[in-house]
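So you can see what is in the structure, the chains are spelled out below.
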Amino acid sequence: MDQRSSRARALASGAALLAVLPAAAGCGTDDNGASAAGVPTAGIGCAARQSPLLAAGSTAQSPAIDLWRTGYSAVCTGTQVSYGGGGSGTGVQQFNQGKVAFAGTDFALKPADVAASGAACRGGRAIDLPMVAGLVSIVYSLDGVDRLVLDAPTLARIFDSQISRWNDPAIAALNPGAALPDAGIISFHRSDDSGTTFNLSSYLATASGGAWPYQPDKAWRGQGGQSATGSAGISAQVRQVKNAIGYLELSYSRQSGLRSAEIATGAARPARATAEEAAVTLAGSTVVGTDGDLALKLDYGTKAEQAYPIVLVTYEVVCDKGNKPATLGALKSFLSYAASAPAQQAIGGKGYVPMPAAVADRVRGAVDGLG
């Protein structure tokens, strides 16, 4: 496929999704305004039976969920959405224990997770609904270095403690003329099971040419380094510690003000950690889930021009059948809003990447069919 054509289609898809669709005003159905916090509420249709919704999981999507629940609860005052982070692994565990109505995870469910969902999904099973797209930003704190370029083999060796100093020849070769200090690298990784870790390790396993000797995993497998809990923990440590490096979702790196490394992929110029360049990679994703599951295959090894390779998709885990009757209506109402064009546009301003329109359409169709 011609890369320029691929990029044009990616940008067209993003533009179509970013267009805010008008909603008809109606009592008890759609709202065409905005909440007091300025969050778009167009297209919200409240459930006939409103009820509180409990959810937990991925910290990568926490800012997106926070924005959505603010707007949603302003219209559907009988449905308060409570979202506890805790990481993807915790969210899936709580979902399978029947403690939450849906869970957020940055990696598609494993067969063992689906098998364990039978107790929570009576007569059904857990499925993945892609809802929040973004990227994993390599953040650093390095005095005098405003622009840093890294590639997959070098990143793999940094996070596996094989490269330990900032002026290492491998880093210097990627950054000619940069004032790299003769200082030790202090790397930070997640201490909790994390979908962000899974996506970073998927990229390293795919694109490093064997420099990352581990399989993709939600648990950290690299050697050495220091750990911190959650995205907020990594952000705090890299901000406070000189000569540090870590990984965060773009939304958190924007909040922290940390600088993000560019990634050399083999394209004409290194890819930048922006929503626009992540959208090029995400536009090439394909649905590989079956029987109602909408898990996506991501191209971590892309060499397309202006395509940032370390992308992630956060899924909402729900029961295809067997959801609790007391919360089913509110669950469908909230998730339909989250997958709508206005809601996706809103999180675009928070550092996320609006879901490709074709995928968002399939998500809304799946939500309509939940039982």
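Right, let's walk through the structure included here. Just so it is clear, the structure is predicted and the values come from calculations on it, not from any experiment. (Residues numbered from 1 in each chain as written. Predicted model: local features only at pLDDT ≥ 70, side-chain atom pairs only at ≥ 80, totals over all residues. Heavy atoms only, no water.)

1. Details of the overall build of the chain
Put simply, the test is: Numbered from the N terminus, helices here are DSSP runs of H or I no shorter than four residues, and strands are runs of E no shorter than two. The buried label applies to any residue whose accessible area, calculated with a 1.4 Å probe on protein chains only, is under 20% of its type's maximum; exposed applies above 50%, and partly exposed to all values in between. Should any heavy atoms of two residues lie within 4.5 Å, those residues are counted as being in contact. Where accessible areas are quoted, they stem from the Shrake-Rupley method and a 1.4 Å probe; at the residue level, only the protein chains shown are allowed to cover.
The number of helices and strands found in the chain is 13 helices and 13 strands. Counting over 371 residues, the chain shows a buried share of 54%. Considering only residue pairs separated by 6 or more positions, the chain has 74% of its internal contacts joining residues 24 or more positions apart. Total accessible area on the chain is roughly 14300 Å²; 51% of this is exposed by carbon and sulfur atoms.

2. Thoughts on the packing of helix α5 (residues 152-159) against helix α7 (residues 195-207)
Quick note on the threshold: Helix axes use the C-alpha atoms of the stretch in contact, all axes being lines fitted to C-alpha atoms, and the angles between their N-to-C directions lie in the range 0 to 180 degrees. In these notes the angle categories are as follows: under 35 degrees is roughly parallel, over 145 is roughly antiparallel, 65 to 115 is roughly perpendicular, and the rest is oblique. Should the near helix be turned anticlockwise from the far one by less than a right angle, the crossing is left-handed, and should it be turned clockwise, the crossing is right-handed. Under the grouping applied here, Gly and all other residues not named as nonpolar or charged are polar, the nonpolar ones being Ala, Val, Leu, Ile, Met, Phe, Trp, Tyr, Cys and Pro and the charged ones Asp, Glu, Lys and Arg.
Taken N-terminus to C-terminus, the directions of α5 and α7 make an angle of 125°; their axes are 9 Å apart at the nearest point. Between α5 and α7, the crossing angle belongs to the class labelled oblique. Crossing of α5 against α7: the hand is left-handed. Across the interface between the two elements, A152, P153, L155, A156 and F159 of α5 pack against L200, Y203, L204 and A207 of α7. Across the contact of α5 with α7, the residue classes break down as nine nonpolar, no polar and no charged.

3. Re unusual backbone geometry
Phi is positive for N243, which is not a glycine, with a value near 65°. Locating N243 in the fold gives a position in the loop between α8 (230-240) and β8 (244-249). Judged by its relative accessible area of 14%, N243 falls in the buried class. Phi is positive for D291, which is not a glycine, with a value near 55°. Along the chain, the position of D291 falls in the loop between β11 (286-287) and β12 (296-297). The exposure class of D291 is exposed, given its relative accessible area of 66%.

4. With respect to the packing of aromatic side chains
Put simply, the test is: Two rings belonging to Phe, Tyr or Trp (six-membered ring only in the last case) form a pair when the distance between their centres is within 6.5 Å. Interplanar angles under 30 degrees mark stacking, angles over 60 mark edge-to-face geometry, and anything in between is tilted.
For the structure on display, the rule yields nine aromatic pairs. Between Y72 and F334, the aromatic rings sit 5.3 Å apart at their centres with planes inclined by 85°, giving edge-to-face as the arrangement. Remark: F334 occurs in helix α11 (residues 325-338) and Y72 occurs in helix α2 (residues 62-75); sequence separation between them is 262 residues. F334 carries the same exposure label as Y72, and that label is buried. Where F159 meets W220, the ring centres are 5.7 Å apart and the plane angle is 75°; that geometry is what we call edge-to-face. In this pair, F159 sits in helix α5 while W220 sits in the loop between α7 and β7 (226-228), placing the two residues 61 residues apart along the sequence.

5. A few points about the environment of S194
Mapped onto the elements, S194 comes out in the loop between β6 (186-190) and α7. Note: C-alpha distance between S194 and A60 (134 residues apart in sequence) is 9.0 Å.

6. Here we look at the pattern of salt bridges
Rule in force here: Note on definitions: salt bridges are taken to be side-chain nitrogens of Lys or Arg within 4 Å of carboxyl oxygens of Asp or Glu.
Across all of its chains, the model carries nine salt bridges by this definition. In this structure, the salt-bridge partner of R165 is D182, at a minimum N-O distance of 2.8 Å. Of this pair, R165 sits in the loop between α5 and α6 (169-174) while D182 is found in the loop between α6 and β6, placing the two residues 17 residues apart along the sequence. The partly exposed category is assigned to R165, whose relative accessible area is 35%. Judged by relative accessible area, which is 55%, D182 ranks as exposed. The residue R269 makes a salt bridge to E277 at a minimum N-O spacing of 2.5 Å.

7. Some points on the pairing of β6
Regular strands place side chains that alternate from one sheet face to the opposite one. Basically, it comes down to this: Two strands make a pair as long as DSSP finds a minimum of two bridges between them. Crossovers are marked right-handed if the path from the first strand over the helix to the second runs clockwise, as seen with the strands pointing away from the viewer.
Buried residues dominate β6, accounting for four of its five residues. In the sheet, β6 pairs with β8 via two bridges, with the strands oriented parallel. Counted as the bridge partner of I186 is A244 from β8. Sheet topology places β6 next to β7; three bridges connect them, and they run parallel. Bridging from a neighbouring strand, H189 pairs with S227 of β7. For the segment spanning β6, α7 and β7, crossover handedness is right-handed.

So, to be careful, I would describe these as geometric facts and stop short of saying anything about function.
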